[in-house]
Amino acid sequence: MDSLTIFLILLALGFVFGKLAEGRHYRSILAREEMLLRLPATSCKKPMGKTLPVGHAELVHGHVVISVDYFKQLLASLRNFFGGTIQSYETLLDRARREAVLRLKESCPTANEILNLRIETSSISKGNSGDRVGSVEVLAYGTAIYYREVSSQHSGL
Amino acid sequence: MFVSNIEEIPGKTITTCYGIVSGSTVRAKHLGRDIFASVKNIFGGELKGYTELLGESRDEALDRMKSQAQQLGANAIVNVRFSTSSVAAGAAEIYVYGTAVTVE
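To keep things clear, this report deals only with the structure shown in the data block. For clarity, every value in this text was computed on a predicted model and none was experimentally measured.

Conventions adopted
- Residues numbered from 1 in each chain as written.
- Chains lettered and ligands numbered in written order.
- Predicted model: local features only at pLDDT ≥ 70, side-chain atom pairs only at ≥ 80, totals over all residues.
- Helix = DSSP H or I, 4+ residues; strand = E, 2+ residues; numbered from the N terminus.
- Buried ≥ 20, exposed ≤ 12 C-beta atoms within 10 Å, placed from the backbone.
- Contact = placed C-beta atoms within 7 Å.
- Rg over C-alpha atoms; globule rule 2.2 N^0.38 Å.
- Core = buried A, V, L, I, M, F, W, Y, C linked by C-beta atoms within 7 Å.
- Nonpolar A, V, L, I, M, F, W, Y, C, P; charged D, E, K, R; others polar.
- Pairing = 2+ DSSP bridges.
- Axes fitted to C-alpha atoms, helices over the stretch in contact; angles between N-to-C directions.
- Left-handed = near helix turned anticlockwise from the far one by under 90°.
- Parallel < 35°, antiparallel > 145°, perpendicular 65-115°, else oblique.

### With respect to the overall build of chain A
Move 1: For chain A, the count of helices and strands is four helices and three strands.
Move 2: When the elements of chain A are put in sequence order from the N terminus, they spell out α-β-α-α-β-β-α.
Move 3: Buried residues in chain A amount to 34% of all 157 residues.
Move 4: Pairs at least 24 residues apart make up 83% of the contacts formed inside chain A by residues separated by at least 6 positions.

This is how it looks when you write it as structure tokens:
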């Protein structure tokens, strides 16, 4: 009986706080994505369109570790039984990827473009909680380029 | 030291190639972080301790790769790739590799 109560409390905590955290995170992602719209990131190796001389280039990266809440973990394990899409993990990975790209862009706010953006995902808590995903790490990395006239203004970079 | 993950440094020309350089670190998180993370696993959200830990180890791996390139006499590294693997429960390996070159 005791363990059932604890289980239910954990489930309720996960449901309430997980939902709140997810909503807050999505709002902040949307706001920051809008702010950084002028800094495009492509998976191409050459700058698109314009062919201005490049003054400076550097490697930039951003990463985040996000975990799923207890309620969603249970939902996912139920889904595992019946098969089908696990929506709770889809939103987790979506949040993690967008957050990683945002952090990458925030680390070089004066860049003109980001080339060859690569996104890598790894689950880091295997073994801790059985075979469940639990938490994921997403790393985004790319090459930030500064066009010559801009980089002369920011020569400290 | 110029570093990029494309085959060239934009705006520069490659003159000499020295071959592959790499750096790696294996790190484990400490118990306090572990306990905090398992609590966080109930509520969901970002695990800041792990984010910091992986950031530190990635910077260290990058530094090791750069010092290896410096020893060879290179001044740039192109086509850099990152990879992460968990070698044991609670420990992660960060591996960074690229090609050391001289640019002008």
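### Considering the overall build of chain B
Move 1: Across its full length, chain B carries two helices and five strands.
Move 2: For chain B, the α and β elements follow one another from N to C terminus as β-β-α-β-α-β-β.
Move 3: A compact globule built from 104 residues should have a C-alpha radius of gyration of about 13 Å, whereas chain B, at 17 Å, is more than 25% larger.
Move 4: Dimensions of chain B along its principal axes, counting C-alpha atoms only, are 55 × 25 × 15 Å.
Move 5: Contacts in chain B between residues at least 24 apart in sequence constitute 77% of all its contacts with a sequence separation of at least 6.

### Section: the nonpolar core
Move 1: Grouped together as the largest cluster of nonpolar side chains are 45 residues, with contacts concentrated most on Ala96(A), Ala100(A), Val138(A), Ala140(A), Met65(B), Ile77(B) and Val96(B).
Move 2: Counting only elements with at least two residues in this core, the list comes to strand E1 (54-67), helix H3 (87-106), strand E2 (113-123) and strand E3 (135-147) of chain A together with helix H2 (48-72), strand E4 (76-88) and strand E5 (91-103) of chain B.
Move 3: It is E3(A) that contributes the most residues to this core, eight residues altogether.
Move 4: Apart from the residues lying within four places of it in its own chain, the contact partners of Ala140(A) are His61(A), Gly62(A), His63(A), Ala100(A), Val101(A), Leu104(A), Leu117(A) and Ile119(A).

### Some words on the interface of chain B and chain A
Move 1: Taken together, the contacts link 27 residues of chain B with 39 residues of chain A.
Move 2: By residue class, the composition of the side of chain B that touches chain A is 14 nonpolar, 10 polar and three charged.
Move 3: Relative to strand E3 (residues 45-46) of chain B, E1(A) runs antiparallel, the two sharing two bridges. Within E3(B), the residue paired with Ile66(A) across the bridge is Glu46(B).

### Comments concerning unusual backbone geometry
Move 1: Of note in this structure, Asn116(A) is not a glycine but carries a positive phi near 50 degrees.
Move 2: When you line up the elements, Asn116(A) lands in strand E2.
Move 3: Even without being a glycine, Asn79(B) presents a positive backbone phi close to 55 degrees.
Move 4: Inspection of the secondary structure puts Asn79(B) in strand E4.
Move 5: Given 15 C-beta atoms within 10 Å, Asn79(B) falls into the partly exposed group.

### Observations concerning the packing of helix H1 (residues 2-35) of chain A against H3(A)
Residues and elements named next belong to chain A.
Move 1: With their axes 10 Å apart at the nearest point, H1 and H3 run at an angle of 35 degrees to one another. When you trace H1 past H3, the crossing you get is left-handed. The segment H1 lies against H3, with Glu-22, His-25, Ile-29, Arg-32 and Glu-33 engaging Thr-91, Arg-95, Arg-98, Glu-99 and Leu-102.

### Details of the environment of Leu13(A)
Move 1: Inspection of the secondary structure assignment puts Leu13(A) in helix H1.
Move 2: Residue Leu13(A) is classed as partly exposed on the basis of its 16 C-beta neighbours within 10 Å.
Move 3: When the C-alpha atoms of Leu13(A) and Leu59(A) are compared, they prove to be 40 Å apart, with 46 residues separating the residues in sequence.
Move 4: Every residue in contact with Leu13(A), bar those within four places of it in the chain, is listed here: Tyr70(A), Ile42(B) and Phe43(B).

### Brief notes about the packing of H1(A) against helix H2 (residues 70-82) of chain A
All names here are of chain A.
Move 1: At a minimum axis separation of 6 Å, H1 and H2 run at an interaxial angle of 105 degrees. Regarding the angle of H1 to H2, the classification is roughly perpendicular. For the pair formed by H1 and H2, the contact residues are Leu-10, Leu-11, Leu-13, Gly-14, Phe-15 and Gly-18 on the first element and Tyr-70, Phe-71, Lys-72 and Leu-74 on the second.
Move 2: Residue composition of the contact of H1 with H2, grouped by class: seven nonpolar, two polar and one charged.

All quantities given are derived from atomic positions and should not be read as evidence of function.
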